[in-house]
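# Coordinate analysis (summary)
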Amino acid sequence: MMRWLITGGCGFMGSNFIRYWLKNHTEDYILNLDKLTYAGNPDNLKMIENHPHYRFVLGDITDPQAIESLVPEFDGIINFAAETHVDRSIAQPRDFILTDMVGTYNLLEAARFHQKKLIQISTDEVYGNCPSGQNTEQAPLLPGNPYSASKGGADLLCLAYHQTYKVDVMITRSCNCYGPYQYPEKLIPLFITNLLEGKKLPLYGDGSCIREWIYIQDYCSALDIVIQKGKTGEIYNISTGEGIPNLEVTRLILQEMGMSEDLIEMVDDRQGHDRRYSLDASQIRQLGWNPEYLFSMGLKETLQWYRHNENWWRKIKSGEYQQYYRQQYAQRHKKSTLER
Ligand SMILES: NC(=O)c1ccc[n+]([C@@H]2O[C@H](COP(=O)([O-])OP(=O)(O)OC[C@H]3O[C@@H](n4cnc5c(N)ncnc54)[C@H](O)[C@@H]3O)[C@@H](O)[C@H]2O)c1
């Protein structure tokens, strides 16, 4: 039996992972600490709110006291908490530096002091643009925007804490993840929900930027393998190897929804847009992991989910969730703690 402190568990990946973990590791306990930023949505975990092995606490990883008071109770920390949207990082980098770097530093300090395991959830973006070939875990970090720089900085701190203080750290660097419960500002859920609302699809530049894609269930099983079999101090790239230009992703969404390409609206490219990311994921494959979903399959599942869960995303897009529901939830859970 393990007790996990999961940070950022009300976001897209964290909430999917919490549900996955409780289903597949029935003995374990989880405390989810989340600040409930615009991206943190308690609805993502409504179905397990009363699960006997799960608790939520409202908290901020940039607050060292909040972390310090909780960490001693747990065997390990899994850090999903981050500011994650590249466009927002270009407009206002400050919160990215604070949460992604200083927040991770606070978790590392607590892990060091209390001798706990820390799993850092990172991204392929830290390697920066990859014009050809694939980045192994040894490739230099050349982040191209404030989001990836703050994630890269956190990764370097993790590695330094492992070497200097022997903190038990592992890092996963994943390609673009997609699936249910992803905030509709990211490409796939934005485009699906725009189409469901009869709106156009704003595609950056000429749509030639290439990203690799992984369905969230495959990411969860990859992280599971890293937790079970990974070596301390190691980094694990996680990718399916399915690199697809954004224009192609957009066309596939339109095709799947039976809609016309006239709905594509080319908009000015993102500042400093990295053209291509590509990961060498042979290390995690050697641990025995293989993805189950081709992009075409995962996209179908995702589309179905957004079709059947209009209430979830309409509340976000209309601003109803932001203005009212989230504050109510935050008040209710202010004093919540892990009861065992
Ligand atoms: N989504 C992807 O494609 C992708 C790919 C690779 C890596 N990642 C990484 O995975 C992690 C999760 O990504 P996501 O897409 O689920 O993000 P998300 O934006 O959906 O969720 C982030 C969560 O972190 C919480 N949070 C933000 N600041 C916080 C703070 N200071 N203290 C506590 N909680 C805070 C938010 O409330 C939210 O619940 C991030 O670290 C991200 O860098 C994401």
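Overview of the structure. (Residues numbered from 1 in each chain as written. Predicted model: local features only at pLDDT ≥ 70, side-chain atom pairs only at ≥ 80, totals over all residues. Heavy atoms only, no water.)

With that out of the way, let us pick up the nonpolar core. Ranked by size, the top nonpolar core spans 96 residues in total, and within it Phe17, Ile78, Phe80, Ile188, Tyr219, Leu223 and Ile253 carry the most contacts. For Ile253, the contacting residues outside a window of four places in its chain are Ile188, Phe191, Ile192, Leu195 and Leu299. (Core = buried A, V, L, I, M, F, W, Y, C linked by side-chain atoms within 4.5 Å. Buried < 20%, exposed > 50% of the residue type's maximum accessible area, 1.4 Å probe, protein only. Contact = heavy atoms within 4.5 Å.)

The next thing to look at is the pattern of salt bridges. For the structure on display, the rule yields 17 salt bridges. The salt bridge partner of Arg3 is Asp75, with a shortest N-O separation of 3.5 Å. Here Asp75 lies in the loop between helix H2 (64-70) and strand S4 (76-79) and Arg3 lies in strand S1 (residues 3-7), a separation of 72 residues in the sequence. What makes Asp75 partly exposed here is its relative accessible area of 25%. Of the charged contacts, one joins Glu197 and Arg314 as a salt bridge, the two residues approaching to 4.0 Å between their closest N and O atoms. Taken together, the residues span a long stretch of sequence, with Glu197 in the loop between helix H6 (187-196) and strand S8 (201-204) and Arg314 in helix H11 (residues 310-318) at a distance of 117 residues. Residue class for Glu197 comes out partly exposed when judged on its relative accessible area of 26%. Residue class for Arg314 comes out partly exposed when judged on its relative accessible area of 34%. A single network of salt bridges, built from pairs that share partners, joins Glu197, Lys199, Glu310, Arg314 and Lys317. (Salt bridge = Lys/Arg side-chain N within 4 Å of Asp/Glu carboxyl O. Helix = DSSP H or I, 4+ residues; strand = E, 2+ residues; numbered from the N terminus.)

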